[in-house]
Amino acid sequence: MSQSGKPVSAPSHIQVKPTSSCNLRCRTCSLWEKDIESGPGSDPTARRLSDRELELLVKDFAVWGVKRLEIADGEPFLRRGTPQLIEQSVNLGMDVMAISNGTLIDQALAARLVRSGLNTLIISLDGPEALHDEIRGVDGTFDKLSRAVGMINEEKERAGSPSPTLIFHTVVCRLNFRLLGQVLESAASLGAAVAAFRYLSQVPPEAVTLTNELLQGEHASPAHHYTVEEDLGIPAGELADLEGILDRLVLAGNRLPVNLALDPLLFDLAREKKHVPRRFEGPGCPLVGDFLQISPRGVVHPCPMLTGCGLGSVRDRSVREIFEAPESQELLRRIQELFPLPICPHCCYREK
Ligand code: SF4
Ligand code: SF4
């Protein structure tokens, strides 16, 4: 029950970020540069949630009725407590998914993740070896992720376990779009269940400014802070080649033992059609009100892109109290009323 007396159901899906630190330096992401804990200009007073605070938080989620937990960026396995957080959440009955760059998974961690009951592991793959390392900004990254995936598959076989389901995720940009066939081959040969290709999400600065103007007041703050300045979009003059690349990818997907998940935006780009994200098909954004994001310091955000919009801190109140507070419900209502916000067409969750 909300403080206004109106019943409010729990969001079905919560994303927790155990850390904003990352050991890679990807060209498609600027999170590592803006890392509040150890990036340039980091805030020495920033204190992330402790393992105990995270444990209590996921207990709160389970009691509240949250069904899905996503463990996301920076690199979650930089934090020693992340495997324990996964175990605790699975034991509480939640469906848990982790997103990783795959470079820190050794045999012991692979065995632990398989035993933990983690449902889904998403690993980023940007290209064949040399290109993957170039985009990730650190040599040896492809080799590490390949070995990690091999270890996970070995441990799954040893344990006779189908989980975690391995999904390879590729952010398509001008640097790799001609090599997507090779990426798919690598995903299949490494034993991924799914190879997902999503077009780069680049938020123009003016979309951020306009969104912040719309959400004025105490919530006016950067809408999304991971965008990079370098234009990595596929140049208009090269889009003519994209349709053939996608057609060949679909044919290869039919032949290879991996499920192919292609961002519909790629097809619309290739056909020079205006793209309408699936999320825009109904009234309002289906994620808003059904999702929350918890920052490493315990700040609750209403959607994955509105990272400057804090509803409150789980250090001061329970996540349920924060979500049900009239001012939070009013902000969620306003976001729905204003939907689509200027940043929405560029949202990394636009098709989910
Ligand atoms: S995309 Fe992921 S792996 Fe790459 S720098 Fe950002 S958080 Fe790290
Ligand atoms: S589509 Fe818009 S409101 Fe929905 S999650 Fe994305 S940025 Fe947020």
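The preceding data block contains the structure.
Thresholds applied
- Residues numbered from 1 in each chain as written.
- Chains lettered and ligands numbered in written order.
- Predicted model: local features only at pLDDT ≥ 70, side-chain atom pairs only at ≥ 80, totals over all residues.
- Helix = DSSP H or I, 4+ residues; strand = E, 2+ residues; numbered from the N terminus.
- Contact = placed C-beta atoms within 7 Å.
- Pairing = 2+ DSSP bridges.
- Right-handed = clockwise from strand over helix to strand, strands pointing away.
- Near = placed C-beta within 6 Å.
- Nonpolar A, V, L, I, M, F, W, Y, C, P; charged D, E, K, R; others polar.
- Buried ≥ 20, exposed ≤ 12 C-beta atoms within 10 Å, placed from the backbone.
- Core = buried A, V, L, I, M, F, W, Y, C linked by C-beta atoms within 7 Å.
- Axes fitted to C-alpha atoms, helices over the stretch in contact; angles between N-to-C directions.
- Parallel < 35°, antiparallel > 145°, perpendicular 65-115°, else oblique.
- Left-handed = near helix turned anticlockwise from the far one by under 90°.
- Expected span 1.5 Å × (residues − 1).
- Arc of directions from axis to C-beta.

K.L.:
Quick rundown of the overall build of the chain? Include the residues and the values.
P.N.:
Looking only at helices and strands, the chain features 11 helices and 10 strands. Within the chain, residue pairs in contact and separated by at least 24 positions form 75% of the contacts whose partners lie at least 6 positions apart.

K.L.:
I'd like a rundown of the pairing of strand β3 (residues 95-100), residues and numbers included.
P.N.:
Pairing geometry for strand β2 (residues 68-71) and β3, over four bridges, is parallel. Of the residues in β3, the one forming a bridge with Leu 69 is Val 96. The sheet contact formed by β3 and strand β4 (residues 120-124) spans four bridges and is parallel. In the strand pairing of β4, Ala 98 is matched with Leu 121. Crossover β3 to β4 through helix α3 (residues 107-116) is right-handed.

K.L.:
Break down the site of ligand 2 for me, with residues and values.
P.N.:
Inspection of the region around ligand 2 gives 16 residues, with Cys 285, Cys 303, Met 305, Cys 344 and Cys 347 positioned closest. For the shell around ligand 2, a count of residues per class yields 14 nonpolar, no polar and two charged.

K.L.:
Summarise the environment of Gly 102; cite the residues concerned and give the values.
P.N.:
Tracing the sequence through the fold places Gly 102 in the loop between β3 and α3. Residue classification places Gly 102 among the buried positions, given that 24 C-beta atoms sit within 10 Å. Sequence separation between Gly 102 and Arg 147 is 45 residues; the distance between their C-alpha atoms is 8.8 Å. Other than its neighbours up to four places away in sequence, Gly 102 contacts Ile 123, Lys 144, Leu 145, Ala 148 and Val 149.

K.L.:
So what's going on with the sheet that holds strand β9 (residues 299-301)? Which residues, and what values?
P.N.:
Across the sheet, 10 strands lie side by side as β7-β6-β5-β4-β3-β2-β1-β8-β9-β10; this open sheet has mixed pairing. For this open sheet the edge positions go to β7 (259-262) and β10 (312-313), each flanked by a neighbour on one side alone. As judged from the four bridges shared by strand β6 (residues 194-199) and β7, these two strands associate in the parallel manner. The residue bridging Ala 196 from the neighbouring strand is Ala 261, located in β7.

K.L.:
I'd like to hear about unusual backbone geometry, residue by residue, with values.
P.N.:
Peptide bonds are, in most cases, trans, and in most cases residues other than glycine have a negative phi. Omega for the bond connecting Ser 163 with Pro 164 falls within 30 degrees of zero, at 5°, which places this linkage in the cis form. Mapped onto the secondary structure, Pro 164 falls in the loop between α5 (141-159) and β5 (165-172). Omega for the peptide link from Phe 339 to Pro 340 comes to 0°, which places this bond in the cis form. In this structure, Pro 340 sits in the segment after α11 (326-338).

K.L.:
Talk me through the site of ligand 1; I want residue IDs and the actual numbers.
P.N.:
In the vicinity of ligand 1, the contacting residues are Cys 22, Leu 24, Cys 26, Cys 29, Leu 31, Trp 32, Asp 73, Gly 74, Glu 75 and Asn 101. Considering only residue class, the shell around ligand 1 consists of six nonpolar, two polar and two charged.

K.L.:
I'd like a rundown of the nonpolar core, residues and numbers included.
P.N.:
One finds Leu 69, Ile 152, Val 172 and Ala 187 to be the most contacted residues of the largest nonpolar core, which totals 83 residues. If sequence neighbours within four positions are ignored, Val 172 has contacts with Phe 177, Leu 180, Phe 197, Arg 198, Tyr 199, Leu 200 and Leu 266. Residues Cys 26, Leu 31, Trp 32 and Ile 135 belong to the second largest nonpolar core, which totals six residues.

K.L.:
I'd like to hear about the packing of helix α6 (residues 180-189) against helix α8 (residues 242-255), residue by residue, with values.
P.N.:
Interaxial distance between α6 and α8 falls to 9 Å at its minimum, and their mutual angle equals 20°. As far as their axial angle goes, α8 and α6 are roughly parallel. Of the two elements, α6 crosses α8, and the hand of that crossing is right-handed. Residue-level inspection shows Leu 180, Gly 181 and Leu 184 of α6 in contact with α8, the latter providing Ile 245, Arg 248, Leu 249, Ala 252 and Gly 253. Looking at the contact of α6 with α8, its residues break down into five nonpolar, two polar and one charged.

K.L.:
Account for helix α1 (residues 51-64), naming residues and giving values.
P.N.:
With 14 residues, α1 should cover 20 Å at 1.5 Å per step; its first-to-last C-alpha distance of 20 Å lies within 8% of that length. Within α1 the residues assigned to the buried category are Leu 54, Leu 57, Val 58 and Phe 61. Down the axis of α1, the buried side of the element spans an arc of 95°, and every buried residue falls inside it. In α1, the exposed positions that point more than 90 degrees away from the buried face belong to Arg 52 and Val 63. On the buried face of α1, the contacting elements are β1 (13-16), β2, α2 (82-91), β8 (291-294) and α10 (319-324).

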